[in-house]
Amino acid sequence: MIFSELYSVYYHTVARVLETAFDSPASEKELQNCIEREAFSESTLTILPALKSGKWPLLNPDLSPVLRHRPTMPLTLLEKQWLKAIADDPHVKLFGVEIPELDDVEPLFTRDDYRIYDQYADGDPFEDASYIQHFQLLLSAMKSGRPVQITMVNRHGKRVSTRLFPKSFEYSSKDDKIRVIVDGCRLRCFNLGRVEHCEYYDAEALWHETPREEHRKSLTLWIVDERNTPERAMLHFAHFKRRAERTEDGKYILSLEYDESDEAELVIRVLSFGPYVKVLEPQSFVNLIRAKLLAQKSCELR
Amino acid sequence: MAYKELIKDFNRIRSYMREFYVYGLKSREEYTEKSARSYDDERRRMESWLGDYMRFEQNAGRKTAALSVDSRVTRRNPLYKAWKTKSFTDGDITLHFAIFDVLCTPEIKKTLAELVQEIDILLVSRMTFDESTLRKKLKEYAGEGIIRMEKDGRRTLYRRSPDVEIAPLADAIDFFSEVALCGVIGSFLQDREPPHENLFSFKHHYITQAMDSDVMATLFTAIRGHRYITIENLGKYFDTVQIIQLVPLRIYISTQNGRQNLLAFHEKANRLNSYRLDYISSVRIEDEICGKFESLRKVLDRAESHMWGVNSGWNVKHTEHVEFEIRIQKEESFIVRRLEREKRCGHVEKLDDSHYRYTADVFDTREMVPWIRTFICRLTRLNFSNRTVENELKADIQEMYRMYGIDGGDGHDFQ
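How each quantity is defined
Residues numbered from 1 in each chain as written. Chains lettered and ligands numbered in written order. Predicted model: local features only at pLDDT ≥ 70, side-chain atom pairs only at ≥ 80, totals over all residues. Helix = DSSP H or I, 4+ residues; strand = E, 2+ residues; numbered from the N terminus. Rg over C-alpha atoms; globule rule 2.2 N^0.38 Å. Buried ≥ 20, exposed ≤ 12 C-beta atoms within 10 Å, placed from the backbone. Contact = placed C-beta atoms within 7 Å. Domains from an automatic or database assignment. Nonpolar A, V, L, I, M, F, W, Y, C, P; charged D, E, K, R; others polar. Pairing = 2+ DSSP bridges. Axes fitted to C-alpha atoms, helices over the stretch in contact; angles between N-to-C directions. Parallel < 35°, antiparallel > 145°, perpendicular 65-115°, else oblique. Left-handed = near helix turned anticlockwise from the far one by under 90°. pLDDT = per-residue confidence, 0-100.

1. Here's the deal with the overall build of chain B
Per the secondary structure count, chain B includes 12 helices and 14 strands. On C-alpha atoms alone, chain B measures out to a radius of gyration of 27 Å, which is more than a quarter above the 22 Å that the 2.2 N^0.38 rule sets for 415 residues. Taken over the C-alpha atoms alone, chain B extends approximately 85 × 55 × 45 Å along its principal axes. The buried share of chain B, reckoned over its 415 residues, is 39%. In chain B, the proportion of contacts linking residues at least 24 apart, taken out of those at least 6 apart, comes to 61%.

Have a look at this one:
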């Protein structure tokens, strides 16, 4: 249903090559560059020879297009069904767009056809008017490179104001929250949901402040080959930059990199595997786990 | 057969990509399911499609290949590329561009004979197509929704479907291509857009779901139509593929472990079962419609208030009672907020200023254990009706004391 040549890199690349050929008398080098940019590393070995030889008779010998019009293709039913499905998603309100001309299309899925069952319950208010307004202003500022001034409540409950350059958004499905990645202030990022007020900042002069550097740390775990733990753990930690190895005596070792600010979360994620995942290094992380266990021991669990 | 960059069958590459991405541990010799030649071809394809993400290493004296993606940095799921590799014939690609050149606006309507003639003129007879080939292709495209067929008396007229303006949706499509289900379809739309800066990155982002997109889209089609399905499933308890007929009811997505499950009614066993999408190798939608789909959905709706994960049951009386208590310090009210936001069912009650109790009745206590372990350092009491699981959890904690050198263990005597 999804695996179709209509969506293939080759069809897409040939369309781009033909567009290039429409723009001006294109050289072979230009067409080759286009293929290298759009397709896979070995695709030039196939696409250009096929077009030049007439195997795909879409270019004339002088590399001008055989077609009379720039290549286009209407949206497929599947693409329309997917658009119809996301039109019903509460997050779509952020973008202030109407999905057009799909009245006769059934959505690929509705909200009742799936559940995200372990998403945290205190996600951002994606349908709240001021939240949407802040998002749209920041999005616009990112595109234009303009600075903004924001007032927000920080994690300690204090109201703070700062000026900054918003750079991008980071969304977490688990938290159902958006963070704004910024430059031009001490903060590196903040939760969009904490913003109370946001407006463009008319800077008279540029200022020089940079975000605190995020320290990257590494962690090495030993995964016990019981209860399908290697599969569960490898998948669980799959979104980190990581490296897995199996030692000669068959033990699974997983090394991953993380941001220091995520350490507390990572500690409890490791704990969630109980005795089936053990921290090997660094010792500082081992100590964090040991501290949790010592505290647990003092609870005298019944 | 000579190596080709494109492929005909997605399932072959699906299992290799998953293995390379999730594990990245196996050497060439260990890929025993297919021949060594097949392994070489699949690895070469992945290098061609995803060269920047491929990594080769020596692992216990063997050379292994892995896909390494930091999904927090990568703004477009690279695994989507695999869905853009379907092979085709010389005729397919030529005809594709020729059809939409002749039918360049939705207002143009042509008969089959007219189309054959105009395509022949366009291609200066360098490649010719007969009516039968063209009719077949137009019928296929009508099924894809990109060509419309209209009757004009006894004649059939063909026209292109109206275009939909997607340029204003660029930011939304960038976001939903990664966040929404079947996001690879959004990635197809991204390919149609002019270059622009993508302003979204993603945390806790499991990109392996991409490989199961077709299974998921087919399941949704069956669910929307209340149809029976037949799946080929390789469950974790079976070495061989099981063929199972089901009524698909709903798909359950985890944001915390990267798994996707189908909850379905197994009519023969009279059970609500869950099936991992990555274990399903094929889905066939049957013609038969399930008349009791709505009532089955209602059963599932009622069951959800007792589901922690994906294990369910008919009768909410057949649940297990789970209670645990935690101790918090004065400045640790965030722990209570954690309980409230992370619980999926059940309730939290305050016992005194420093103790809170969580209570729930669930179908499967074992599914809750990883979450309960995250409260290690403050657990004061467990009370599970499933004593086996309660005792296992207590034993796990004892084992952890031993592993980390608390309680007299040396901290290295693992296993």
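From this point, things continue past the structure.
2. Concerning the domain arrangement of chain A
Taken domain by domain, chain A holds domain 1 (1-73), domain 2 (77-111), domain 3 (129-200) and domain 4 (216-297). Here the C-alpha centroids of domain 1 of chain A and domain 3 of chain A sit 42 Å apart.

3. Notes on the domain arrangement of chain B
Assigned domains within chain B: domain 1 (10-74), domain 2 (90-160), domain 3 (167-205), domain 4 (211-304) and domain 5 (320-403). Each of domain 2 of chain B and domain 3 of chain B was reduced to a C-alpha centroid, and the two centroids are 31 Å apart.

4. Here we look at the interface of chain A and chain B
Listed by partner, the interface residues are 102 residues for chain A and 111 residues for chain B. Per element, the largest residue contribution to the side of chain A that touches chain B is 9 residues, and it comes from helix H8 (residues 283-297) of chain A. Here the side of chain A that touches chain B is composed, by residue class, of 56 nonpolar, 21 polar and 25 charged. Here strand S1 (residues 114-116) of chain A pairs with strand S7 (residues 242-253) of chain B via 3 bridges, running parallel. Bridge pairing in S7(B) places A:Ile116 opposite B:Ile253.

5. Brief notes about the pairing of strand S1 (residues 54-59) of chain B
Residues and elements named next belong to chain B. Strand direction decides the pairing type here: S1 and strand S2 (residues 62-67), joined by 6 bridges, are antiparallel. Paired with Asn59 across the two strands is Arg62, which belongs to S2. In this antiparallel pair of consecutive strands, S1 and S2, the connection spans 2 residues, and Ala60 shows a positive phi of 50°.

6. A few points about the pairing of strand S11 (residues 320-327) of chain B
All names here are of chain B. Sheet analysis places S11 next to strand S13 (residues 355-362), joined by 8 bridges and oriented antiparallel. Bridged to Glu325 within S13 is Arg357. Sheet topology note: the S11/strand S14 (residues 379-384) ladder contains 5 bridges and is antiparallel. Bridge pairing links Phe324 to Leu382 in S14.

7. Describing the packing of helix H1 (residues 9-23) of chain A against helix H2 (residues 28-38) of chain A
Residue and element names in this part refer to chain A. Relative to each other, H1 and H2 sit at 150°, their axes nearing to 9 Å. The orientation of H1 relative to H2 falls into the category roughly antiparallel. For the element pair H1 and H2, the recorded crossing hand is right-handed. Residues His12, Thr13, Arg16, Val17 and Thr20 of H1 form the contact with H2, whose participating residues are Glu30, Leu31, Cys34, Ile35 and Glu38. Grouping the amino acids of the contact of H1 with H2 by side-chain chemistry returns 4 nonpolar, 3 polar and 3 charged.

8. Topic: the environment of A:Thr46
With respect to the secondary-structure elements, A:Thr46 resides in the loop between H2 and helix H3 (47-53). When the C-alpha positions of A:Thr46 and A:Glu199 are compared, they lie 52 Å apart, and in sequence the two are 153 residues distant.

9. Topic: unusual backbone geometry
Look at the link from A:Glu281 to A:Pro282: it is a cis peptide, with omega at 5°. Examined against the element boundaries, A:Pro282 turns out to sit in the loop between strand S10 (277-281) and H8. Positive phi is not limited to glycine here, since A:Asp176 has a value of about 50°. The phi dihedral of B:His204 is positive, around 50°, even though this residue is not glycine. Structurally, the position occupied by B:His204 is in the loop between strand S5 (200-203) and helix H8 (213-224). Here B:His204 falls in the partly exposed class, since 18 other C-beta atoms lie within 10 Å of it.

10. Regarding the packing of helix H4 (residues 77-87) of chain A against helix H7 (residues 184-192) of chain B
Viewed as axis vectors pointing N to C, H4(A) and H7(B) meet at an angle of 110°, and their least axial separation amounts to 9 Å. Put simply, H4(A) runs roughly perpendicular to H7(B). Seen along the crossing, H4(A) lies across H7(B) with a hand that is left-handed. Contacts between H4(A) and H7(B) involve A:Leu78, A:Glu79 and A:Trp82 on the former and, on the latter, B:Ile185, B:Gly186, B:Phe188 and B:Leu189. Across the contact of H4(A) with H7(B), the residue classes break down as 5 nonpolar, 1 polar and 1 charged.

11. Structural notes on H4(A)
Burial analysis of H4(A) places 8 of its 11 residues in the buried class, which makes it a mostly covered element. Every buried residue of H4(A) is accounted for by A:Leu78, A:Glu79, A:Lys80, A:Gln81, A:Trp82, A:Leu83, A:Ala85 and A:Ile86. Buried residues along H4(A) sit against helix H6 (170-179) and H7 of chain B.

12. With respect to the sheet that holds strand S7 (residues 216-223) of chain A
All names here are of chain A. Spatially, the 4 strands line up as an open sheet ordered S8-S9-S7-S10, and their pairing is antiparallel. Either end of the sheet is taken by a strand with one partner, and the two such strands are strand S8 (241-246) and S10. Pairwise comparison of adjacent strand axes, ignoring direction, gives a mean angle of 25° for this sheet. Direction of pairing for S8 relative to strand S9 (residues 252-259): antiparallel, over a ladder of 6 bridges. The residue of S9 that forms the bridge with Glu245 is Ile253. Across the sheet, helix H7 (residues 263-271) lies against S7, S9 and S10, angled at about 0° from S7, the strand it touches most.

13. What about the environment of A:Leu235?
Note on placement: A:Leu235 falls in helix H6 (residues 229-236). On the neighbour-count criterion, A:Leu235 (20 C-beta atoms within 10 Å) is buried. When sequence neighbours within four positions are dropped, the list of residues in contact with A:Leu235 reads B:Val22, B:Asn257, B:Gly258 and B:Arg259.

14. Brief notes about the sheet that holds S13(B)
Residues and elements named next belong to chain B. With antiparallel pairing, 4 strands are arranged side by side in an open sheet as S12-S13-S11-S14. Each having just a single partner strand, strand S12 (347-352) and S14 make up the two edges of the open sheet. Pairwise comparison of adjacent strand axes, ignoring direction, gives a mean angle of 20° for this sheet.

15. A look at the confidence of the model for chain B
Across chain B, pLDDT averages 92, with 96% of residues at or above 70. The ipTM, which scores confidence in the relative placement of chains, is 0.95 for this predicted complex, and the corresponding pTM is 0.94.

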